[in-house]
Amino acid sequence: MEGIRELYYGGAPMSASIARKVILSFQAQTPSPVQDYQLTAREKEILYSLVDGLSYKKIAEKYYISISTIRTHICNIYDKLHVNSKSQAVAKVLQNKPANS
């Protein structure tokens, strides 16, 4: 009965060792949605900025690089993702995104 009451009233605190196991379990189950495409860290940043709806100009300002450099990264992203447009790249990321993120 005590266990049922604990669950009903908000549960019981989790020990540090159990919390660590739960976190490690979740980390193992949620891979990055674009990791299979071998994108560089900068390409991932730019791709996720596209997903967030930023324009090339805003992305360039955000990362302190030129619009020309953004275009180069975008071309590389398209090649690696095997897409031909921004909307296809964004769609591919959103399709591969785990449901719980």
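On a predicted model such as this, the values are computed, not experimentally measured, just so you know.

Asker: Any details on the environment of T40? Residues and values, ideally.
Answerer: If you trace the backbone, T40 turns up in the loop between α2 (16-29) and α3 (41-51). Along the sequence, T40 and N76 sit 36 residues apart, while their C-alpha atoms lie 9.7 Å from each other.

Asker: Describe the side chain of H73, listing the residues and the values that go with them.
Answerer: Topologically, H73 is positioned in helix α5 (residues 67-81). In contact with H73, other than residues within four places in its own chain, are R42, E43, I46 and I65.

Asker: Lay out helix α4 (residues 56-63) with the relevant residues and their values.
Answerer: Turning to α4, its buried residues number three or more, namely I59, A60 and Y63. Buried residues of α4, viewed axially, fall in a sector of 100°; they line one side. On its buried side, α4 packs onto α3 and α5.

Asker: Let's hear about the side chain of S49: which residues, and what values?
Answerer: When you line up the elements, S49 lands in helix α3. Those residues within four positions of S49 in sequence are excluded, and the remaining contacts are L54, I59, K62 and Y63.

Asker: Could you give an account of the confidence of the model for the chain, naming the residues involved and the relevant values?
Answerer: Averaged over the chain, the pLDDT score is 79; the fraction of residues at 70 or greater is 65%. For the chain, the element scoring lowest by mean pLDDT is helix α1 (residues 2-8), at 65; α5 scores highest, at 94.

Asker: Break down the pattern of salt bridges for me, with residues and values.
Answerer: Within the structure shown, the criterion is met by 3 salt bridges. The residue K80 makes a salt bridge to E43 at a minimum N-O spacing of 2.8 Å. Here K80, found in helix α5, pairs with E43, found in helix α3; they are 37 residues apart in sequence, far enough to count as distant. Looking at E43, the relative accessible area reads 4%, which means it is buried. K58 is the salt-bridge partner of E61, the closest N and O atoms lying 4.0 Å from each other. Taken together, the residues span about one helical turn, with E61 and K58 both in helix α4 at a distance of 3 residues. On the basis of relative accessible area, E61 is assigned to the partly exposed category, the value being 42%.

Calculation criteria
- Residues numbered from 1 in each chain as written.
- Predicted model: local features only at pLDDT ≥ 70, side-chain atom pairs only at ≥ 80, totals over all residues.
- Heavy atoms only, no water.
- Helix = DSSP H or I, 4+ residues; strand = E, 2+ residues; numbered from the N terminus.
- Contact = heavy atoms within 4.5 Å.
- Buried < 20%, exposed > 50% of the residue type's maximum accessible area, 1.4 Å probe, protein only.
- Arc of directions from axis to C-beta.
- pLDDT = per-residue confidence, 0-100.
- Salt bridge = Lys/Arg side-chain N within 4 Å of Asp/Glu carboxyl O.

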